[in-house]
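Coordinate inspection notes
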Amino acid sequence: MVESPFKPNILKGKVALITGGGSGIGFEISTQFGNHGASVAVMGRRRQVLDDAVAVLRSKGIQAIGLEGDVRKQEDAARALETTVKHFGKLDILVNGAAGNFLISPEDLSPNGFRTVMEIDSIGTYTMCHEALKYLKATAGIGPSTGGLILNISATLHYTAAWYQIHVSAAKAAVDSITRSLALEWGTDYNIRVNGIAPGPIGGTPGLRKLVPDEVLAKRREQMPLYRVGERWDIAMAALYLASDAGKYVNGHTMIVDGGLWLSRPRH
Ligand code: HXC
């Protein structure tokens, strides 16, 4: 991991709430947002994970709080947002990083399993956006530095089709659609930008450990553009770009950060 190329004050004074912010990609976004001046509220379902994450963030001098909650529950979403604003005074950035995932064929996946992932990824993202609007509206001025931002963590699975991922592919397709619709409506009405990031395989994440066994990864590396999996850092840097003034004219876009993997075919 290399040092951040961004100035340490690019998010100075900003307040961010990150769902799924206690582990994996979400935790790296929390850390890098904090390193660049933001105060961070980390939301997740597991108390211990949150406590550990907040302790690490605070040890780096970052203003951080942990909020226990499930994005599937509207009352949890409302409470987490209210607590964030009570604690830090406002909300500038919402990152929807919470996601559910497991590998399974459609033959074996129950409709309830399908629904569960849709509820976490798609409806959870919408619920957080919906509940956050009144706070993001309040911070939205006319200038580029004053607008609110929503960042939805997506995937590339649904650009083509991915084995054993029918539920996640459908859920992330909906997330990308939500990104575009809200970018149009809330960008126009409230100067709120809504963007996404679609990571490829990222090392050190629950997603990679669960979804790509080591032996498969070793075989596939040969066929990967750039010959490597990404780092959580790569996703956090994309998030910083989109959250900073450098991204002030980017709206409704889901940035692919996968080293070009989704384009790749075996060489013949
Ligand atoms: C088959 C499963 C299952 C599994 C749950 N279900 N896990 N089916 N295989 N491994 C089914 C259940 O049978 C049930 O349906 C329904 O889903 C609800 O199950 P619950 O256990 O009650 O759900 P819950 O406790 O709410 O847990 C949901 C969860 C979630 C989706 C399993 O806890 C989870 O995935 N947590 C891990 C989070 C994670 O790994 N995040 C990183 C995501 S990475 P029935 O019909 O039996 O009632 C990512 C990257 C994508 O998103 C792109 C990668 C390239």
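Residues numbered from 1 in each chain as written. Predicted model: local features only at pLDDT ≥ 70, side-chain atom pairs only at ≥ 80, totals over all residues.

Where an unreviewed UniProt entry is consulted, the chain appears under the name Noroxomaritidine/norcraugsodine reductase, with the organism given as Asparagus officinalis.

1. Considerations on helix α1 (residues 24-35)
So the rule is basically this: Helix numbers and strand numbers start at the N terminus; a helix is a DSSP run of H or I with at least 4 residues, a strand a run of E with at least 2. For a helix, the expected span equals 1.5 Å multiplied by the number of residues minus one. Any residue whose C-beta has 12 or fewer other C-beta atoms within 10 Å is treated as exposed, any with 20 or more as buried, and any in between as partly exposed, C-beta atoms being built from the backbone.
Taking 1.5 Å of rise per residue, 12 residues should cover 16 Å, and α1 covers 17 Å from first to last C-alpha, within 8% of that figure. Inspection of α1 places Gly24, Ile25, Gly26, Phe27, Glu28, Ile29, Ser30, Thr31, Gln32, Phe33 and Gly34 among the buried residues, and these make up the whole buried set. Phi for glycine 37, located one or two positions after α1, is positive at around 110 degrees.

2. Focus: the nonpolar core
Which entries qualify depends on this criterion: By our criterion, buried Ala, Val, Leu, Ile, Met, Phe, Trp, Tyr and Cys residues that link up through C-beta atoms within 7 Å make up a nonpolar core. Contact between two residues is assigned when their C-beta atoms, built from the backbone, lie within 7 Å.
Core analysis: the biggest nonpolar cluster contains 67 residues, and Val40, Val42, Leu94 and Ala239 have the highest contact counts within it. Broken down by element, this core gets its largest block of residues, 8 residues, from helix α4 (residues 111-139). If we skip the residues at most four places from it in the chain, valine 42 touches Ile18, Gly21, Gly22, Ser30, Leu50, Ala53, Val54, Ala64, Gly66 and Leu67.

3. Quick look at the site of the ligand
Let me state the cut-off plainly: The rule is simple: place the C-beta atom from the backbone, and if it lies within 6 Å of a molecule or strand, the residue is near it. Polarity classes work like this: nonpolar for Ala, Val, Leu, Ile, Met, Phe, Trp, Tyr, Cys and Pro, charged for Asp, Glu, Lys and Arg, and polar for all others, with Gly in that last group.
Around the ligand sit 17 residues, and of these Gly100, Ser110, Asn112, Gly113 and Gly207 come closest. Of all the elements in the fold, those that place two or more residues in the shell around the ligand are α4 and α6 (206-211). Taken together, the residues of the shell around the ligand sort by class into 9 nonpolar, 7 polar and 1 charged.

4. Here we look at the sheet that holds strand β6 (residues 193-199)
The condition that has to hold: At least two DSSP bridges between two strands are required for those strands to pair. Convention adopted: a line fitted to C-alpha atoms gives each axis, helices being fitted over their contacting stretch, and angles between N-to-C directions are expressed from 0 to 180 degrees.
Strand order in the open sheet formed by 7 strands is β3-β2-β1-β4-β5-β6-β7, and the pairing between neighbours is parallel. Two strands in the sheet have a free side with no partner beyond their single neighbour: β3 (64-68) and β7 (254-257). Neighbour to neighbour, the strand axes of the sheet diverge by 20 degrees on average, direction disregarded. Where strand β4 (residues 93-96) lies against strand β5 (residues 149-153), 4 bridges are found, and the strand directions are parallel. The partner of asparagine 96 across the bridge, within β5, is asparagine 152. Contacts from helix α3 (residues 74-88) reach β1 (15-19), β2 (39-44) and β3, with the element oriented near 150 degrees to β1. The sheet contacts of α4 involve β1, β4 and β5, and relative to β4 the element is tilted by about 175 degrees.

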